Protein chains: 2
Amino acid sequence: MIPTFSHRINQDSSSLDELFKLSAQANKISFAGGYPDPNLFPKDELKRAFEKRINDESNDLFQYRTVTGYEPLRQKIASSTKKMGFDCSSEEIMLTQGAQQGIKLLSSLFLDDHDGIAVEAPTYVGALEAFNEHLPKYYEIPMEKDGMDLETLENTLQHNKIKIIYTIPNFQNPTGYCMSTIKRKRLAALAAKYQAVVIEDDPYRELRYEGSALPAIKSFDRTGNVITLGSFSKILSPALRCGWLIASPEIVKQLSSLRLSYDCQSSNVLLESIDQYLGENSIEKHIDHLRRAYRLKMQTMLTCLEDELPTDCSFSHPQGGFFIWVTLPQGCDAAILLKQTNIVTFLEGSSLFANSSPKNYIRLNFTGVSLSEIKKGCADLGEAIKYSLVNQFAI
Amino acid sequence: MIPTFSHRINQDSSSLDELFKLSAQANKISFAGGYPDPNLFPKDELKRAFEKRINDESNDLFQYRTVTGYEPLRQKIASSTKKMGFDCSSEEIMLTQGAQQGIKLLSSLFLDDHDGIAVEAPTYVGALEAFNEHLPKYYEIPMEKDGMDLETLENTLQHNKIKIIYTIPNFQNPTGYCMSTIKRKRLAALAAKYQAVVIEDDPYRELRYEGSALPAIKSFDRTGNVITLGSFSKILSPALRCGWLIASPEIVKQLSSLRLSYDCQSSNVLLESIDQYLGENSIEKHIDHLRRAYRLKMQTMLTCLEDELPTDCSFSHPQGGFFIWVTLPQGCDAAILLKQTNIVTFLEGSSLFANSSPKNYIRLNFTGVSLSEIKKGCADLGEAIKYSLVNQFAI
């Protein structure tokens with residue numbers, strides 16, 4: 001007999017786990033995952049970058065390095081924050097194993113059991129799963145088209161002790177909504193006033209297909225309360241496992257100690273190869289290419305949804321990112337719908353809320369599928385919803 | 001003002017952090033770290049492996065993959081356990097970000113606050129730092145030349161609730177001692193009887209320079225209580241960040257859910273390149289090469305210590321691994337000694353004990369330094385100890 005698991009462990013299968021399984025179902029069109037289009041990876045450029053670093057004899061590429069990660073790469077990221085509206089130095093940056101690790105490390109650094117966390121409703125399930133180990137008390141802040149509802153947030157901050165406010169300001173996962181500049185500014189001020197940490201999770205920032213980039217929440221931060229996470233997963237490749245975290249040097253130092261006990265450090269082979277890629281190529285040009293391709297996919301999905309879904313469905317019209325958020329007609333249950341589709345899979349919205357679990361939402365990804373899959377998948381989805389409505393009224 | 005850190009966080013600089021700093025001091029000969037010799041990395045073979053996978057057009061190398069890691073690599077590791085005395089399948093294996101991540105994930109899976117953990121005294125500081133976040137109650141089990149003292153362990157198990165027994169059976173870090181077969185068998189039986197998990201941390205197994213390999217503790221496990229960790233860090237390269245964990249499929253499944261919230265998955269680029277390396281090369285032949293080189297370094301350090309240290313010093317005579325453990329004369333303080341050396345750095349032993357902090361031990365690494373550095377460093381160390389003894393008596 002082995003001992004029991006920690007009481008922190010939820011022994012039900014995790015939602016992220018289910019998501020990866022849904023995404024991998026053979027013979028299905030998957031709108032479920034959050035995968036980039038593998039045909040858009042800059043493979044040739046990445047190959048050259050790897051080859052160059054691997055063949056550089058002057059370099060101990062394969063040895064242990066520092067916990068914060070390859071300094072020249074941190075410098076490149078630091079100089080890229082100007083366009084987000086703030087200055088930062090490489091000591092304010094730690095390279096992480098994807099942005100996910102940033103969320104986990106920050107949870108461990110700040111959370112005591114049962115601490116309050118304000119999260120958007122709905123939100124990214126991987127963040128909830130990272131927080132869950134700390135048995136938090138969640139406060140759901142409703143999403144609006146211009147970002148989280150700050151009236152509810154301020155009311156929550158006034159009446160409860162909130163340690164962390166978790167937000168995805170750009171093209172939010174799952175709604176696709178973007179927080180307005182005025183809300184960003186006010187959110188930074190609220191965090192300072194109520195002494196909460198804002199985790200600004202920003203993996204989709206560069207993937208804007210319409211409109212102009214907005215300043216980061218961190219650009220309005222005067223007190224060090226805002227910590228920004230970024231990632232190469234969506235703009236270069238997820239298999240590079242490289243994200244970053246921007247915080248004060250004191251917080252980076254404390255996170256470094258913690259990180260050593262989690263996994264020591266990122267792979268120097270990967271970090272130096274990314275640095276080589278960035279030195280040799282224009283990532284802006286690559287991102288432009290991504291934007292064009294993903295814009296077309298998004299527009300195609302929006303058009304198909306307009307054509308195929310019953311009129312009592314509504315859906316978000318994002319300006320970027322990976323996802324469209326669909327509100328099903330009242331009484332339509334996403335879990336049942338998932339069984340009624342023939343070829344398409346998607347993510348039920350119920351697992352994306354911290355406390356509630358409304359049944360009539362689904363999240364659709366458009367980046368990981370082809371244009372023809374988008375068309376076929378939306379038609380299948382539309383039929384299934386119509387069938388489900390008829391069926392509902394038949395009962 | 002940002003909120004306070006979790007009460008779990010030790011705000012003193014971590015020992016691992018200190019260790020990396022010590023190892024990186026310029027103009028010093030470092031016996032401090034646990035670095036492999038970068039001249040022994042199979043660079044050409046690794047280069048070819050990377051190039052081959054990166055150039056395989058049929059493959060989505062750069063996409064997200066499964067959380068447990070590249071299946072063919074898990075199969076190769078599974079078939080290598082026969083020589084450790086047990087069979088296992090790929091479902092019993094999860095690839096981790098170094099063996100360190102295995103320790104961290106197992107801590108999170110099993111530990112509730114203040115749970116009992118039995119650790120060797122001294123032990124690996126990175127394990128202590130991973131456990132510390134769970135505020136454990138430590139029980140120190142003294143190290144003997146043939147492995148941890150099982151009388152003390154059984155007595156501890158009888159009188160206390162112990163969740164985890166953490167051991168490094170082969171060429172223990174820091175003592176270099178190796179657990180005897182008879183103790184391995186008895187340890188597995190004790191864990192089953194008292195319902196404790198054994199974490200068998202085994203990164204040095206292949207690096208045996210004398211004598212014959214011993215069966216893994218897991219080979220005596222009939223109840224699933226023993227979980228074995230391995231790593232490519234010491235035998236291929238630490239920058240590949242690839243370790244593995246062998247446990248029952250149920251435990252692997254639960255750890256996978258947890259892992260998703262920590263960092264999603266390992267880099268598929270790295271895992272497939274390692275798989276390619278193993279398919280194209282004889283890692284056994286490479287390890288033979290490492291053994292010859294490291295045996296010579298170890299023997300050189302042992303001879304130098306014999307020649308240079310005062311006779312009231314004693315030190316371990318390992319049969320493999322990375323480290324020699326030195327017992328300084330009574331009254332000699334390792335922290336003061338570290339300031340009295342001119343060119344050599346080493347690791348003070350006091351941070352390597354869970355509860356106590358005896359001052360008269362030091363750990364010396366011989367793999368990361370050259371033969372001439374070993375000679376110079378040992379001479380410097382010998383002089384400093386002699387100086388310190390004279391100084392002590394002068395006071």
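It should be emphasised that the depicted structure is a prediction, and the values quoted were computed from it without experimental measurement. (Residues numbered from 1 in each chain as written. Chains lettered and ligands numbered in written order. Predicted model: local features only at pLDDT ≥ 70, side-chain atom pairs only at ≥ 80, totals over all residues. Heavy atoms only, no water.)

Turning our attention to the domain arrangement of chain A. Residues and elements named next belong to chain A. For chain A, the assigned domains read domain 1 (15-42 + 285-394) and domain 2 (45-280). Placing the centre of domain 1 and that of domain 2 at their C-alpha centroids yields a distance of 26 Å. Each side of the interface is counted separately: domain 1 has 31 residues, and domain 2 has 34 residues. A combined buried area of about 2900 Å² lies between domain 1 and domain 2, and 60% of that area is made up of carbon and sulfur atoms. The partner of Glu 206 in a salt bridge is Arg 291, with the nearest N and O atoms 3.6 Å apart. No other element matches the 8 residues that helix α10 (residues 283-308) contributes to the side of domain 1 that touches domain 2. The residue makeup of the side of domain 1 that touches domain 2, split by class, is 17 nonpolar, 11 polar and 3 charged. (Domains from an automatic or database assignment. Contact = heavy atoms within 4.5 Å. Buried area = accessible area lost by both parts, 1.4 Å probe. Salt bridge = Lys/Arg side-chain N within 4 Å of Asp/Glu carboxyl O. Helix = DSSP H or I, 4+ residues; strand = E, 2+ residues; numbered from the N terminus. Nonpolar A, V, L, I, M, F, W, Y, C, P; charged D, E, K, R; others polar.)

The subject of this paragraph is the pattern of salt bridges. Tallied over the entire structure, the rule returns 52 salt bridges over all chains. Measuring nitrogen to oxygen at the nearest pair gives 2.9 Å for the salt bridge that ties Arg8(B) to Asp113(B). One end of the pair, Arg8(B), is in the segment before α1 (15-23); the other, Asp113(B), is in the loop between α4 (98-110) and β3 (116-121), with 105 residues separating them in the sequence. By relative accessible area, Asp113(B) is classed as partly exposed at 23%. The partner of Asp221(B) in a salt bridge is Lys218(B), with the nearest N and O atoms 3.4 Å apart. Here Asp221(B) and Lys218(B) have matching classes, each one buried. Each of Arg53(A), Arg65(A), Lys76(A), Glu272(A) and Asp275(A) takes part in salt bridges that share partners, so that together they form one network. (Buried < 20%, exposed > 50% of the residue type's maximum accessible area, 1.4 Å probe, protein only.)

Overlaying chain B on chain A yields an RMSD of 0.0 Å, the required transformation being a rotation through 180° with an accompanying axial translation of 0.0 Å. These values place the two chain copies in the arrangement generated by a two-fold rotation axis. Considering only C-alpha atoms, the residue of chain B closest to the rotation axis is Glu51(B), which sits at 3.4 Å. The overlap is high: 100% of the interface residues of chain B also sit at the interface in chain A, so the same surface is used on both sides. (Least-squares fit on C-alpha atoms with pLDDT ≥ 70 in both.)

To continue, consider the side chain of Thr345(B). Assignment of secondary structure puts Thr345(B) in strand β12 (residues 344-345). The residues touching Thr345(B), leaving out its near neighbours within four places in the chain, are Leu22(B), Gln25(B), Lys28(B), Ile29(B), Ser30(B), Phe31(B), Ala32(B) and Leu338(B).

Quick look at unusual backbone geometry now. Residue Pro174(A) is bonded to the preceding Asn173(A) through a cis peptide linkage, with omega at 15°. Note that Pro174(A) resides in the loop between β6 (162-167) and α7 (181-193). Pro122(B) follows Ala121(B) through a cis peptide bond whose omega is 5°. Its place among the elements puts Pro122(B) in the loop between β3 and α5 (125-132). One non-glycine residue with positive phi stands out, namely Arg241(A), at about 45°. Along the polypeptide, Arg241(A) turns up in the loop between β8 (226-231) and β9 (243-246). A relative accessible area of 3% places Arg241(A) in the buried class.

Turning our attention to the UniProt feature "domain: Aminotransferase class I/classII large" (unreviewed entry) in chain A. Feature annotation in UniProt places "domain: Aminotransferase class I/classII large" (unreviewed entry) on residues 43-379 of chain A, given in this structure's numbering. Note that residues 43-379 of chain A is 40% helix and 17% strand, and that its end C-alpha atoms are spaced 33 Å apart. (UniProt positions renumbered as here; feature names shortened; annotations may be inferred.)

All names here are of chain B. Sheet architecture is open: 8 strands sit in the order β2-β9-β8-β7-β6-β3-β4-β5, paired in mixed fashion. Each end of this open sheet is capped by a strand with a single partner; those strands are β2 (93-96) and β5 (147-148). Summarising the sheet, strand β6 (residues 162-167) and strand β7 (residues 197-201) pair through 4 bridges and their orientation is parallel. Each residue of the ladder has a partner; that of Tyr 166, found in β7, is Ile 199. (Pairing = 2+ DSSP bridges.)

A word on the interface of chain B and chain A. Between chain B and chain A, the contact holds 79 residues from the first and 81 residues from the second. Buried area between chain B and chain A, both sides added, is near 7200 Å², and the carbon and sulfur share of it is 57%. Our count for the chain B to chain A interface comes out at 2 salt bridges. Seen at the junction of chain B and chain A, the total is 37 residue pairs in polar contact (both at pLDDT 80 or more). If you list the elements that add at least two residues to the side of chain B that touches chain A, you get α1, α2 (43-54), α4, α5, α8 (249-263) and α9 (268-280) of chain B. With 9 residues, α8(B) is the largest single contributor of residues to the side of chain B that touches chain A. Of the residues contributing to the side of chain B that touches chain A, the split by class is 33 nonpolar, 28 polar and 18 charged. (Polar contact = N/O pair within 3.5 Å; in protein donor to acceptor, adjacent residues only side chain to side chain.)

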